Every structure is written in C-alpha cells, then in structure tokens.
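Tertiary structure, described
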Amino acid sequence: DFHQAADTFLMILIPLLVTSRVVHCNVWTYMAFGSLYANWLCLIHSEYHHPWDAVFRQIGFGTAADHHVHHKLFVKNYGHLFMYADWAFKTYLNPQDVSAFTGSEGGKTVKGW
C-alpha cells in the first residue's frame, strides 16, 4: 500500500538518515537512538493506555491514544513523537473529545479509544 510505504519512508527512514548526518556520534549511540525510536513507534501503535500517558500528553509527547485519533481521522494528530506542531497548527484533537470513541458500557456512557 502506497500510504504505508510513504509513512515508513517519511517517518522512519528519513529521520534516521537526517539524524545520522546531523548528529555525529559513534555507532552505539546511533543504534541506541534507532532502538528508542523503534520502541516509541511500537508504543504509539499499541492501542494500549499506558500509566504515563496523562503526563506525556501534558508535556507534548504523543501517546497511543493520540496516534489512534490520527489513524481514525487522518487529518488530526500528525505527530508521531511530539504534539507541538499539532498544537501550533491547530491539528491536535484530544482522544477524549472524539465521538467515534464514545460508547456505553453497563448502561454508562464511556469515553475512550
């Protein structure tokens, strides 16, 4: 699928290439960065609420819920790592405000993703 190939190219390969050209470091530091970056991508695609999500959202780090909004709506929450650009360009949407994630459970209205 073209979208997945473009996403992989733009969000994984380009940042790793730019980092290798801008930040001159030894191979171990570069591998540590790549490992952290890959793990972060796994976390935001996990569709799991992590205990630290509220703190991360407050300081502008993207969470799995934030990224889930992007996958559902595609015109919101572009940031994979940080939400700063989404805040600046008004493309951030809090997952708690997405009606598609609202449902009922046990007769009560619940919000979540």
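This section reports on the structure supplied with the text. (Residues numbered from 1 in each chain as written. Predicted model: local features only at pLDDT ≥ 70, side-chain atom pairs only at ≥ 80, totals over all residues. Heavy atoms only, no water.)

**Regarding empty space enclosed by the protein**
Counting across every chain of the model gives one cavity of 30 Å³ or more. Lining the largest cavity are Trp40, Leu43, Ile44, His50, Trp52, Asp53, Phe56, Gly62, Thr63 and Ala64. Mapped onto the lining of the largest cavity, the elements with two or more residues apiece are α2 (27-44) and α3 (53-59). (1 Å grid on protein atoms, 1.4 Å probe; cavity = no way out; pocket = protein on both sides within 12 Å on 5 of 7 lines; lining within 4 Å. Points joined across faces, edges and corners; volume = space filled by probe spheres on them. Helix = DSSP H or I, 4+ residues; strand = E, 2+ residues; numbered from the N terminus.)

**Describing the packing of aromatic side chains**
Evaluation of the coordinates by the stated rule reveals nine aromatic pairs. Pairing Trp40 with Phe56 gives two aromatic rings, centres 5.6 Å apart and planes at 20 degrees, and the pair type is stacked. Here Phe56 lies in helix α3 and Trp40 lies in helix α2, a separation of 16 residues in the sequence. Centroid distance Phe56 to Phe61: 5.2 Å. Interplanar angle 65 degrees. Geometry classified as edge-to-face. The partly exposed category is assigned to Phe61, whose relative accessible area is 25%. Ring pairs connect the aromatic residues Trp40, Trp52, Phe56, Phe61, Phe82, Tyr84, Trp87 and Tyr92, which therefore count as one cluster. (Phe/Tyr/Trp six-rings, centres within 6.5 Å; stacked < 30°, edge-to-face > 60°. Buried < 20%, exposed > 50% of the residue type's maximum accessible area, 1.4 Å probe, protein only.)

**Some words on helix α1 (residues 2-22)**
For α1, spanning 21 residues, the distance from its first C-alpha to its last is 28 Å, which sits close to the expected 30 Å at 1.5 Å a residue. In α1, a bend of some 30 degrees at Leu13 exceeds every other bend along the element, and Pro15, a proline, comes one to four places later. (Expected span 1.5 Å × (residues − 1). Bend = angle between axes of the 7 residues up to and from the residue.)

**Describing unusual backbone geometry**
With phi around 60 degrees, Phe74 is a residue other than glycine that occupies positive phi space. Position of Phe74 relative to the elements: it lies in the loop between α4 (64-73) and α5 (84-88). Even without a glycine there, the phi angle at Lys90 is positive, about 60 degrees. Tracing the backbone through its elements, the reader meets Lys90 in the loop between α5 and β1 (102-105).

**Remarks on the packing of α1 against α2**
At a closest axis distance of 11 Å, the pairing of α1 and α2 adopts a crossing angle of 155 degrees. Taken together, α1 and α2 sit at an angle that is classed as roughly antiparallel. Viewed along their axes, α1 and α2 form a crossing whose handedness is right-handed. From α1, Met11, Ile12, Pro15, Leu16, Leu17, Thr19 and Ser20 reach across to α2, where they touch Tyr30, Phe33, Gly34, Tyr37 and Leu41. For the contact of α1 with α2, the residue count by class is nine nonpolar, three polar and no charged. (Axes fitted to C-alpha atoms, helices over the stretch in contact; angles between N-to-C directions. Parallel < 35°, antiparallel > 145°, perpendicular 65-115°, else oblique. Left-handed = near helix turned anticlockwise from the far one by under 90°. Contact = heavy atoms within 4.5 Å. Nonpolar A, V, L, I, M, F, W, Y, C, P; charged D, E, K, R; others polar.)

**Some thoughts on α4**
Residues separated by three or four positions in an α-helix point in the same direction, a consequence of the helix having 3.6 residues per turn. Taking burial as the measure, the 10 residues of α4 include seven buried ones, the bulk of the element. Listed as buried for α4 are Ala64, Ala65, Asp66, His67, His68, Val69 and His70. Where α4 is buried, its residues touch α2 and α3. Of the residues one or two after α4, Phe74 is the one with positive phi, at around 60 degrees.

**Some details on the pattern of salt bridges**
What the rule picks out here adds up to one salt bridge. As a salt-bridge pair, Arg57 and Asp66 come within 3.2 Å of each other at their nearest N and O atoms. Summarising the burial analysis for this pair, Arg57 and Asp66 share the class buried. (Salt bridge = Lys/Arg side-chain N within 4 Å of Asp/Glu carboxyl O.)

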